[in-house]
Amino acid sequence: AGQEAAQHEVTEALQRSAEARADIEQAKGALMLVHAISADDAFAILRWHSSHANMKLRDLAKLITAGISTPAQEIETPSRRISRILGGVVAGYADRWREIPPTATGVQQGSLNG
């Protein structure tokens, strides 16, 4: 029974790792596409935002992939959507980035309180 439990734990850990890698690769791909940058540069952007937001990279990647999966408003380009997500994360609004209204020029400053 102990060996089965250990095997189950290993299997679950591998599954979580694969899912996290997939989210990170998708987020990198989105950054590469909208900013015309290399994979290394995209990963550096993710790493920087993760560090400055004190957020796990995999959680940031998941937030980006979820954010780009939702329909954008007419005035919001994919580049602005990603910038709004990343800006919200660093500003401490990771769970509330959708509340920051998009503007024609990018993220509206001072849109959220607290």
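In this convention, every chain numbers its residues from 1, walking through the sequence in written order. The model is predicted, so local features are restricted to residues of pLDDT at least 70 and side-chain atom pairs to those at 80 or more, both for listing and for counting; the totals for chains, interfaces and linings are taken over all residues. Water and hydrogen atoms were dropped before computing side-chain values, which therefore reflect all heavy atoms in the structure.

## Some thoughts on the nonpolar core
Logical step 1: For the purposes of this section, nonpolar cores are sets of buried Ala, Val, Leu, Ile, Met, Phe, Trp, Tyr and Cys residues that join through side-chain atoms within 4.5 Å. Buried, partly exposed and exposed residues are distinguished by accessible area as a fraction of the type maximum, computed with a 1.4 Å probe on protein chains only: under 20%, between the cut-offs, and over 50%, respectively. In this structure, Leu31, Leu46, Leu60, Ile64 and Leu86 are the most contacted members of the largest nonpolar core, which totals 16 residues.
Logical step 2: Strands are runs of DSSP state E lasting at least two residues, helices are runs of H or I lasting at least four, and both sets are numbered from the N terminus onward. Going through the elements one at a time, α1 (2-35), α2 (39-53), α3 (57-69) and α4 (78-90) are the ones with two or more residues in this core.
Logical step 3: Contacts are assigned to residue pairs that have any heavy atoms within 4.5 Å of one another. The residues contacting Leu31, other than those within four sequence positions of it, are Ala36, Ile37, Ala42, Ile45, Leu46, Ile82 and Leu86.

## With respect to α4
Logical step 1: By this rule, a helix spans an expected 1.5 Å times one less than how many residues it contains. Taking 1.5 Å of rise per residue, the 13 residues of α4 would be expected to cover 18 Å, and the 19 Å separating its terminal C-alpha atoms lies within 8% of that figure.
Logical step 2: Just beyond α4, the residue with positive phi is Gly92, at close to 95 degrees.

## Focus on the side chain of Asp23
Logical step 1: Examined against the element boundaries, Asp23 turns out to sit in helix α1.
Logical step 2: Residue class for Asp23 comes out buried when judged on its relative accessible area of 14%.
Logical step 3: For Asp23, the residues in contact, after removing those within four places along its chain, are Ala61, Lys62 and Thr65.

## Things to note about the confidence of the model for the chain
Logical step 1: Confidence of the predictor in every single residue is expressed as pLDDT, which spans 0 to 100. On average, residues of the chain score 79 in pLDDT, and 79% of them reach the 70 mark or higher.
Logical step 2: Within the chain, the element-level pLDDT minimum falls on strand β2 (residues 106-107), averaging 42, and the maximum on α2, averaging 92.

## As for the pattern of salt bridges
Logical step 1: Here a salt bridge means any side-chain nitrogen of Lys or Arg lying within 4 Å of a carboxyl oxygen belonging to Asp or Glu. Following the criterion strictly, the structure yields two salt bridges and no others.
Logical step 2: Two residues, Lys62 and Asp23, come together in a salt bridge whose shortest N-O distance is 3.9 Å. Pair noted here: Lys62 is in helix α3 and Asp23 is in helix α1, with a separation of 39 residues, a long-range link.
Logical step 3: Classification of Lys62 by relative accessible area gives partly exposed; the value is 46%.

## Re the packing of α1 against α3
Logical step 1: Contact geometry of α1 with α3 gives a least axis separation of 8 Å together with a crossing angle of 60 degrees. By the angle class used here, α1 and α3 are oblique. The two elements α1 and α3 meet at a crossing, and its hand is left-handed. Contact residues: Ala20, Asp23, Ile24, Gln26, Ala27 and Ala30 in α1; Leu57, Arg58, Ala61, Lys62, Ile64, Thr65 and Ile68 in α3.
Logical step 2: Residues are grouped as follows: Ala, Val, Leu, Ile, Met, Phe, Trp, Tyr, Cys and Pro are nonpolar; Asp, Glu, Lys and Arg are charged; all remaining types, including Gly, are polar. Classifying every residue of the contact of α1 with α3 by side-chain character gives eight nonpolar, two polar and three charged. Axis lines are fitted through C-alpha atoms, for helices just across the contact stretch, and the angle between N-to-C directions can take any value from 0 to 180 degrees. Should an angle fall under 35 degrees it is called roughly parallel, over 145 degrees roughly antiparallel, and 65 to 115 degrees roughly perpendicular, with every other angle called oblique. Handedness of each helix crossing follows the sense of rotation of the near helix against the far helix: counterclockwise by less than a right angle gives left-handed, clockwise gives right-handed.

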